[in-house]
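Chain residues, written in single-letter form:
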Amino acid sequence: MNPKLTDEAVASLPLSRGRADLLEEIVSTPLRERTEPSVVRAGRTRWVAPLVAATVAALALVPLWWGGGGDGTGGPAGTAVGQRTGHEPVAAESYRVVLDAPGWTLVTSAVEEASAELTYERGTQVVSVMWGEADSYEDYLVDREHITDPRSPGEPIVVLGLESRLWAYGATDHTVLRPVQHGHWAEVRGSGMDREAYEGLLTRLRQVDLAGFEAVLSGEAVTSAERAEAIAEILDAIRSVADPALPPGLDPASITSEQVDPYHLGADVAGAVACAWLGEYRAARRAGQDERAATAVTALGTSRDWPVLVEMRDEGDYAEVVWQFADDVAEGRLPRYREALGCPR
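The sections below set out a description of the structure shown in this document. (Residues numbered from 1 in each chain as written. Predicted model: local features only at pLDDT ≥ 70, side-chain atom pairs only at ≥ 80, totals over all residues. Heavy atoms only, no water.)

For the coordinates displayed, the defined rule picks out two aromatic pairs. Centre to centre, the rings of W131 and F213 are 5.2 Å apart; their planes meet at 80 degrees, and the pair counts as edge-to-face. Remark: F213 occurs in helix 7 (residues 210-216) and W131 occurs in strand 4 (residues 125-133); sequence separation between them is 82 residues. With respect to class, W131 is no different from F213; both count as buried. Taking 4.5 Å as the distance between ring centres and 40 degrees as the angle between the ring planes, the aromatic pair formed by Y140 and W185 counts as tilted. Of the two residues, Y140 is situated in helix 5 (residues 137-145) and W185 in strand 8 (residues 184-191); the sequence distance between them amounts to 45 residues. Across the ring face of Y169, the terminal group of R189 is positioned such that the distance to the ring centre comes to 3.7 Å. (Phe/Tyr/Trp six-rings, centres within 6.5 Å; stacked < 30°, edge-to-face > 60°. Helix = DSSP H or I, 4+ residues; strand = E, 2+ residues; numbered from the N terminus. Buried < 20%, exposed > 50% of the residue type's maximum accessible area, 1.4 Å probe, protein only. Lys NZ or Arg CZ within 6 Å of the ring centre and 35° of its normal.)

Rendered as structure tokens:
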């Protein structure tokens with residue numbers, strides 16, 4: 001989803017001391033804390049039309065299974081919940097897990113090709129749904145076993161037809177780790193509710209394929225079918241304020257993203273352009289080509305007018321990071337930018 005933060009990356013971020021201290025704290029956080037689902041409200045920027053009409057979404061999202069009672073309250077603690085009626089087989093591509101419960105709103109989505117974290121809210125209650133690839137399952141399992149002291153394998157509970165493991169962080173905070181199926185594990189954490197209510201929500205989970213998953217995302221999300229057009233729109237908007245918008249050798253078709261959240265999609269696209277211009281500036285400086293370096297400085301200077309960054313400004317810090325690097329090169333400095341912006345090596 002995001003490039004791995006390292007000490008070098010933190011040191012290179014052109015942020016205020018307070019913000020840099022916070023990033024240092026994040027980097028130094030033990031693995032156990034960093035792998036717990038977090039509730040982070042991602043910024044959202046609108047670049048494409050709404051996904052689908054509500055009626056179309058309803059048709060596309062016919063549940064693959066239904067479990068528990070019609071009200072989704074679930075059974076008492078320790079009962080098997082979330083079982084598909086008749087244990088219908090699940091297609092290999094339907095490893096994505098979503099929550100389908102009345103009154104709950106999907107508020108954030110951080111999505112990559114084979115992993116994701118979704119956050120749902122209802123009042124003060126929060127449910128985080130995660131899934132990832134099989135090779136990371138053991139690390140998560142060991143981490144969750146240390147939620148309790150002494151270490152515990154968790155309580156058995158059936159979720160989506162598979163025996164899973166449940167742990168309690170507290171009386172109103174529980175998590176379930178579902179083992180690998182079709183190459184992916186899943187985890188569901190609920191806070192702000194007792195165990196009975198939490199288990200009731202486990203009966204409202206369902207597995208969907210890519211098309212079904214994209215249909216449940218909020219109207220601000222960018223589907224795979226819309227992504228190429230959204231990227232083209234962002235680049236066209238940059239061209240409207242920058243000439244040239246892209247450095248020599250950068251093919252617009254090479255700028256891609258797997259993000260469905262508009263903020264993160266915008267960061268991928270703006271970051272690709274900024275990385276290319278910073279690389280151009282670096283190469284020009286090393287070659288002693290002053291005119292070439294000046295072109296890169298001018299192009300980066302227009303970044304304060306790039307519509308994508310202007311819209312992202314109030315949603316997160318990415319725009320400020322790009323602008324600080326633009327200021328650095330304008331003053332003749334060569335910043336350490338690659339890890340901070342997630343640039344390719």
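On we go.
Before going further, it helps to examine the side chain of S128. Position of S128 among the secondary structure elements: in strand 4. A polar side-chain atom of S128 sits 3.1 Å from a polar atom in the side chain of E117. (Polar contact = N/O pair within 3.5 Å; in protein donor to acceptor, adjacent residues only side chain to side chain.)

The next point concerns the state of the cysteines. Throughout the structure, instances matching the rule amount to one disulfide. In this model, C275 is linked to C343 through a disulfide, with the two sulfur atoms separated by 1.8 Å. Given an S-S torsion of about -80 degrees, the disulfide between C275 and C343 has left-handed geometry. With a gap of 68 residues between them, C275 in helix 9 (residues 262-287) and C343 in the segment after helix 13 (338-341) connect regions that are remote in the sequence. Accessibility expressed as a relative area gives 10% for C275, which makes it buried. Among the residues examined, C343 registers a relative accessible area of 11% and is labelled buried. (Disulfide = S-S within 2.5 Å.)

Moving on to the pairing of strand 2 (residues 105-111). By the criterion of burial, strand 2 is predominantly enclosed, with five of the seven residues buried. In terms of strand pairing, strand 2 meets strand 3 (residues 116-122) through six bridges, oriented antiparallel. The residue of strand 3 that forms the bridge with T105 is E121. In textbook terms, the turn of a hairpin is the stretch between consecutive antiparallel strands, and for strand 2 and strand 3 this stretch comprises four residues. (Pairing = 2+ DSSP bridges.)

Time to look at the packing of helix 9 against helix 10 (residues 290-301). Between helix 9 and helix 10, whose axes approach to 8 Å, the crossing angle comes to 155 degrees. By the angle between their directions, the pair helix 9 and helix 10 is classed as roughly antiparallel. Where helix 9 crosses over helix 10, the two elements pack in a sense that is left-handed. For the pair formed by helix 9 and helix 10, the contact residues are A274, W277, L278, E280, Y281, A283 and A284 on the first element and R292, A293, T295, A296, V297, A299 and L300 on the second. Residue composition of the contact of helix 9 with helix 10, grouped by class: eleven nonpolar, one polar and two charged. (Axes fitted to C-alpha atoms, helices over the stretch in contact; angles between N-to-C directions. Parallel < 35°, antiparallel > 145°, perpendicular 65-115°, else oblique. Left-handed = near helix turned anticlockwise from the far one by under 90°. Contact = heavy atoms within 4.5 Å. Nonpolar A, V, L, I, M, F, W, Y, C, P; charged D, E, K, R; others polar.)

Another point: helix 12 (residues 318-330). Taking 1.5 Å per residue, 13 residues should reach 18 Å; helix 12 reaches 19 Å between its end C-alpha atoms and fits that length. Along helix 12, the residues that are buried comprise Y318, A319, V321, V322, W323, F325, A326, D328 and V329. One or two steps after helix 12, the chain reaches G332, where phi turns positive at roughly 85 degrees. (Expected span 1.5 Å × (residues − 1).)

Bringing a negative patch on the surface into the picture now. Together, E113, E133, D135, E138, D139 and E258 make up a negatively charged patch on the protein surface. Inspection of the secondary structure assignment puts E113 in the loop between strand 2 and strand 3. E113 sits in the exposed class, given a relative accessible area of 60%. (Patch = residues over 30% accessible without salt bridge, like charges linked within 9 Å, V, L, I, M, F, W, Y side chains within 5 Å. Areas by Shrake-Rupley, 256 points an atom, 1.4 Å probe, with all protein chains shown as cover. Salt bridge = Lys/Arg side-chain N within 4 Å of Asp/Glu carboxyl O. Lys, Arg positive; Asp, Glu negative; His and termini not counted. Charge placed at Lys NZ, Arg CZ, Asp CG, Glu CD.)

Coordinates in, geometry out; function isn't part of it.
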